[in-house]
Amino acid sequence: MAVYTDISEGDLKAFLEQYDAGELTSYKGIAEGVENTNFLLHTTKDPLILTLYEKRVEKNDLPFFLGLMHHLSERGLSCPLPLPRKDGALLGELSGRPAALISFLEGMWLRKPEAQHCREVGKALAAMHVAGEGFEIARPNALSLDGWQTLWARSKDRADEVETGLEDEIGAELAYLAAHWPQDLPSGVIHADLFPDNVFFLGDTLSGLIDFYFACNDYLVYDLSICLNAWCFEKDGAYNITKGKAMIEGYLSVRPLSNDEILALPILSRGSALRFFLTRLYDWLTTPEGALVVKKDPLEYLKKLRFHRAVVSAAEYGLLS
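The sections below set out a description of the structure shown in this document.

The rules behind the values
Residues numbered from 1 in each chain as written. Predicted model: local features only at pLDDT ≥ 70, side-chain atom pairs only at ≥ 80, totals over all residues. Heavy atoms only, no water. Helix = DSSP H or I, 4+ residues; strand = E, 2+ residues; numbered from the N terminus. Rg over C-alpha atoms; globule rule 2.2 N^0.38 Å. Buried < 20%, exposed > 50% of the residue type's maximum accessible area, 1.4 Å probe, protein only. Contact = heavy atoms within 4.5 Å. Areas by Shrake-Rupley, 256 points an atom, 1.4 Å probe, with all protein chains shown as cover. Lys, Arg positive; Asp, Glu negative; His and termini not counted. Charge placed at Lys NZ, Arg CZ, Asp CG, Glu CD. Expected span 1.5 Å × (residues − 1). Patch = residues over 30% accessible without salt bridge, like charges linked within 9 Å, V, L, I, M, F, W, Y side chains within 5 Å. Salt bridge = Lys/Arg side-chain N within 4 Å of Asp/Glu carboxyl O.

Before going further, it helps to spend a moment on the overall build of the protein. Along the protein, the regular secondary structure elements total 9 helices and 9 strands. In terms of C-alpha radius of gyration, the protein reaches 20 Å, essentially the compact-globule figure of 20 Å for 321 residues. Taking the principal axes of its C-alpha atoms as reference, the protein extends roughly 55 × 45 × 35 Å. Across the 321 residues in the protein, those meeting the buried criterion constitute 52%. A sequence separation of at least 24 residues applies to 74% of the contacts in the protein between residues at least 6 apart. Looking at the protein as shown, the accessible area adds up to about 14,400 Å², and 51% of this sits on carbon and sulfur atoms. For the protein, the distance from the average position of its 31 positive side-chain charges to the average position of its 46 negative side-chain charges is 2 Å.

It is worth spelling out helix α3 (residues 115–131) at this point. The terminal C-alpha atoms of α3, which comprises 17 residues, lie 24 Å apart, in line with the 24 Å expected from a rise of 1.5 Å per residue. For α3, the complete set of buried residues consists of H117, C118, V121, G122, A124, L125, A126, M128, H129 and A131. Looking at the packing, one finds that the buried side of α3 touches α2 (62–74), β6 (187–190), β7 (199–202), β8 (205–209), α6 (220–231) and α7 (241–252).

On the surface, D157, D160, E167 and D168 cluster together to form a negatively charged patch. Within the secondary structure, E167 is located in helix α5 (residues 166–180). Among the residues examined, E167 registers a relative accessible area of 34% and is labelled partly exposed.

The structure is reproduced here in structure tokens:
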């Protein structure tokens, strides 16, 4: 979440008149994240999240994102829901941006997740994969191999400003992954961005998943590799195998992995580390000064990428045969 586009109180009140959402009492921007502009609204009814979709989000993708939340909720997954306008539409416009009101999900994200929380995330991720079956709209992963090349083309000329030698190292990494990326693994709807700030807990109980704006169709186990990267490394860059084992066991308690998925986990983890390195690198180099947004250090994911290069088997992530 972030704030790229400011809004006036008058425009916001006029926007709310299109909904049965009560009268505005207060609103404030949410600075975390890097993708869309978000505000927390308080009204005379329920608190809401207002999302303005910025240029990186294609308007044509919004029916997928909004429809997916409804589909998952109907199948028992706890996640926010877009509110319909009085005319039944889920999408409006505010300050020149497509905009939606989203229900507020109770809970907080964890700053210091432990193994027990990783287990619950693994369960919830697998439950989402199962619940996503039958969703009729498809969306290719725009941030897979081809998308990485596009991001890299926009960043590589300045990459060595971040660390000397990056241009050569990442160019070689992209070539390797393109030549060795697995084929024909079980696929479906994935979250593709299930970081700690996108998972809410009430105490130690997972209360729901949020922010589905990277969701797409891809290998299900690729989503697990993203979570291993996001949840199972410590601040010093060390992989915590206890957390990894708990996450994988949680996932397997809901959905089994095939042998091919297990064999592919190291290279998929390598690829997902590269994916977040590249998006962070691009944002680091291009986010305008003055934007109310927290930029994230790309070097964190470069360290993770280098770790995955040395991994031989999924056992090193905590997956026991």
